[in-house]
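Breakdown of the fold
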Amino acid sequence: MEKGTLVEFRLHGERCLAVAERPEGKNHWIVVDDRGQARTINAKQVSYEVNGETYKPSDIPRFRKEVDPFIDPESLEVAWEFLVEEGLAVDPAEMAMLLFSEKSPAQCYAAYYLLSEDKLYFKQKGDRYEPRSTNQVAEIKHQLEVARERETQQKEFWARVEQALRGFQVEWQQSDRHRLEALERFAIQGDEATGRAAAVETLAALKRPENPQGAFDLLVDLGLWSRHENLFLRRSSIPVNFSTKVLEVAHQRTEVAPPDPDSERLDLTRLKVYTIDDESTKEIDDGLSWELIPDGKQRLWVHIADPTRWLTPGDELDLDARRRSTTLYLPTGMIPMFPAELATGPMSLVQGKICNALSFGIILDDDGAVSEYSIHASIIKPTYRLTYEDVDEMLQLGVPAELEIDAIARYAQRRQMWRRSQGAINIHLPEASIKVDADEIHIEVLEDSPSRQLVAEMMILAGEVAARYAQTHQLALPFRSQPQPELPPDEELLQLPAGPVRACAIRRCMPRSEMSITPARHASLGLDSYTQVTSPIRRYSDLLTHFQIKAHLRGEQPPFSAEEVKEVMIGVTTASQEASLVERQTQRYWALEYLRRTSEQAWQAVLLRWLREDERLGLILLEDLGLELPMQIKRSVALGERLDVRVSYVDPRSDAIRFQELIDQPAQPAAT
């Protein structure tokens, strides 16, 4: 390089033109730009030397003006089409001749500028530029187009986000989904979420906290999530919606009923049938009858809805129900095992309509043990749709026209006494039923009313009969059993206050129930064998029992072998446990949210047991709400002692609550 040479070099990534002034040491030069500013650069920084003339710094603006007319990136495509066919590489001077038919210093520099800026048609090798292949150019064009499209979509996404944050209604596009889903995953799974970088990028662009809570708050502010979004459900693998295919099949089955494999059903439409449920229950899956038969004996009937009338093992409805395993009951509503069109329609025992059922006819002896029984695929016509409150009132008043209800209640009491004689263990603790409607939280305490005991006894009775039938005929079913608990000695239990405290102590000793294809004793029910059979619309294990029993009643081979029943039970058990966990977590969240909203309310509590007595951490029962919660108690308190308490801190999202005892402010009964 000589004094007066015009050179290009890069400064902070930008092109700069300057004139060489003098060498500085062995490898450096002093160069001066058009503003007269001198810089020291390494010779290796020079990206291009303009040959053929010498320049002064004041010539640089004129040189730029000479170059500008030749800067046309589209002209490179024409040159590329020629060179790619010939397979020729060029230097800037050769490219200038090809593009401009001349190679003046300005034209050579313009050719160099176009080649060095190009990322599509040419690639540099040393001082020369080779044309890329046709396939390479096509791929790069595609990538550039994708990048441009992504950039456009991103700008449009930001615009929609800003609109939504200002409170305007926004129609989100399909292209927005991956960004919104990244935010959802980050809010749900935290740093373990896939696509975390995309979520953080969105939060950073909006100057929001770059953490899961920031993602949660943004989704709420965008109107995509509720402030009370169920993260427990979102973290689970439980499907919330039905696939289009399953919904289509369900609709087809309601439009055109499939052939009934039980074409010779027993006609029991002559019987008065009572269905008894909570008022909010939509899936009616059991009904009760009583009749006096000619030999003077009395027969109880337990009618169970027959969803197997509408599906077959292995079809779309069956496999989807198997994956779900159970209907999920949440304070905000239920997530059914079957599409509602079927579950609350033809599958249910609907008042006044002819319904398919699996009916258990049972005669009890004087003690309450099963004396005779039969099981039938049947048709029935439910007479009354009753609530538990209706039945309690009917039993209290002794309605003459409904002697059947009174008879069923007497048999239920006899059954309960018989099961106790067989070692059954009854645990009576109040239970909270939490419902959320339009963001209003309602808590009802469920007690063991006569009507609930009546229904429970009849359902247990049907389960005993189903298990006995399967055992007699060696059918593989999901039998339920429970090991015998090791209860404290009677003298130790009698020292505890009667009621919730004693029930809580017994409950702690109860082992988990187990499921197996081998029948075994169920300790707390006092039965030698038992299976659940009364909720086939809501529990897949019950549906499986129906499939097996009904096939045997028809004289057919049961659809599931013993090994297949085992395999299905494993999947169903896992899914059911996950559903139970989500139900408990969600119930707990809304219980704490209710206490947050009523934080000024004083509550009466009873100490059930010590969780860590050395730390004075106890489990209390809020009697008005049926809620069991931990509390740090700062004074000496005996089990069963009542305390007046108030919430001092609660955070439902982090599952945290603290109480303070009110020494001089007794709690007032609350309307719940």
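Below is a summary of the structure that appears in this document.

What counts and what doesn't
Residues numbered from 1 in each chain as written. Predicted model: local features only at pLDDT ≥ 70, side-chain atom pairs only at ≥ 80, totals over all residues. Heavy atoms only, no water. Pairing = 2+ DSSP bridges. Helix = DSSP H or I, 4+ residues; strand = E, 2+ residues; numbered from the N terminus. Axes fitted to C-alpha atoms, helices over the stretch in contact; angles between N-to-C directions. Salt bridge = Lys/Arg side-chain N within 4 Å of Asp/Glu carboxyl O. Buried < 20%, exposed > 50% of the residue type's maximum accessible area, 1.4 Å probe, protein only. Parallel < 35°, antiparallel > 145°, perpendicular 65-115°, else oblique. Contact = heavy atoms within 4.5 Å. Nonpolar A, V, L, I, M, F, W, Y, C, P; charged D, E, K, R; others polar. Phe/Tyr/Trp six-rings, centres within 6.5 Å; stacked < 30°, edge-to-face > 60°. Lys NZ or Arg CZ within 6 Å of the ring centre and 35° of its normal. Polar contact = N/O pair within 3.5 Å; in protein donor to acceptor, adjacent residues only side chain to side chain. Patch = residues over 30% accessible without salt bridge, like charges linked within 9 Å, V, L, I, M, F, W, Y side chains within 5 Å. Areas by Shrake-Rupley, 256 points an atom, 1.4 Å probe, with all protein chains shown as cover. Expected span 1.5 Å × (residues − 1).

Across the sheet, which stays open at both edges, the 5 strands sit in the order β4-β3-β2-β1-β5 with antiparallel pairing between neighbours. Among the strands making up the open sheet, the edge pair consists of β4 (38-42) and β5 (46-50). Strand-to-strand twist across the sheet, computed as the mean angle between neighbouring axes with direction ignored, equals 45 degrees. Direction of pairing for strand β1 (residues 6-11) relative to β5: antiparallel, over a ladder of 4 bridges. Across the sheet, the residue bridging to F9 is V46, located in β5.

Now for the pattern of salt bridges. Per the counting criterion, the structure on display carries 54 salt bridges. In this structure, the salt-bridge partner of D33 is R35, at a minimum N-O distance of 3.8 Å. Of the residues examined, D33 reaches a relative accessible area of 9% and is grouped as buried. Taken together, the shared-partner salt bridges connect D260, D262, R265, D306, R309, K550, R554 and E556 into one network.

Another aspect to go through is the packing of helix α13 (residues 388-397) against helix α15 (residues 450-472). It is the contact of α13 with α15, at a shortest axis distance of 8 Å, that shows an interaxial angle of 105 degrees. Here α13 lies roughly perpendicular to α15, going by the angle between them. Counted together, Y388, V391, D392 and L395 of α13 and P450, S451, R452 and V455 of α15 form the full contact between these two elements. Broken down by class, the residue content of the contact of α13 with α15 amounts to 5 nonpolar, 1 polar and 2 charged.

This part takes up the packing of aromatic side chains. In the structure shown here, the tally under the stated rule is 15 aromatic pairs. Plain terms: the ring middles of F63 and Y109 are 5.7 Å apart, the flat faces sit at 55 degrees to each other, and that makes the pair tilted. Highlighted residues: F63 in helix α1 (residues 60-67) and Y109 in helix α4 (residues 105-117), separated in sequence by 46 residues. Each member of the pair, F63 together with Y109, is buried. Members of the aromatic cluster, each reached through a chain of ring pairs, are Y48, Y55, F63, Y109, Y112 and Y113. Across from the ring centre of W310, 5.0 Å away, lies the NZ or CZ of R309, which sits over that ring. Of note, R452 hangs over the ring of Y388, and the distance from its end group to the ring centre comes to 4.1 Å.

This part takes up the side chain of S116. With respect to the secondary-structure elements, S116 resides in helix α4. There is a polar contact of 2.7 Å between the side chain of S116 and the side chain of R15. Among the polar contacts listed, one links the side chain of S116 to the backbone oxygen of Y113, at a separation of 3.1 Å. Ignoring any residue separated from it by four or fewer positions in sequence, one finds S116 in contact with R15 and Y129.

Before going further, it helps to spend a moment on the pairing of strand β24 (residues 642-651). Both strand β21 (residues 602-612) and β24 contribute to a ladder of 5 bridges, which runs antiparallel. Within the sheet, the bridge partner assigned to A602 lies in β24 and is R646. One ladder, built from 6 bridges, connects β24 with strand β25 (residues 656-661); its direction is antiparallel. Among the inter-strand pairings, R646 is bridged to a residue of β25, identified as Q660.

Glancing now at a nonpolar patch on the surface. Residues F82, L88 and L98 make up a contiguous nonpolar surface patch of about 250 Å² in total accessible area. Looking at the element boundaries, F82 is found in helix α2 (residues 75-86).

Below, the discussion takes up the side chain of D315. Tracing the sequence through the fold places D315 in the loop between β11 (298-305) and α11 (316-324). Separated by 3.1 Å, the side chains of D315 and R253 make a polar contact.

Taking 1.5 Å per residue, 19 residues should reach 27 Å; helix α14 (residues 403-421) reaches 27 Å between its end C-alpha atoms and fits that length. Taken residue by residue, α14 has E404, I405, A407, I408, A409, Y411, A412, R415, Q416, W418 and R419 as its buried positions. Residue G423 follows α14 closely and has a positive phi angle near 100 degrees.

On to the environment of A164. Take A164: it is sitting in helix α5 (residues 134-165). Here the alpha-carbon distance between A164 and A321, two residues 157 residues apart in the chain, equals 38 Å. If near-sequence neighbours (up to four positions away) are discounted, A164 is found in contact with V170, W172, D221 and L222.

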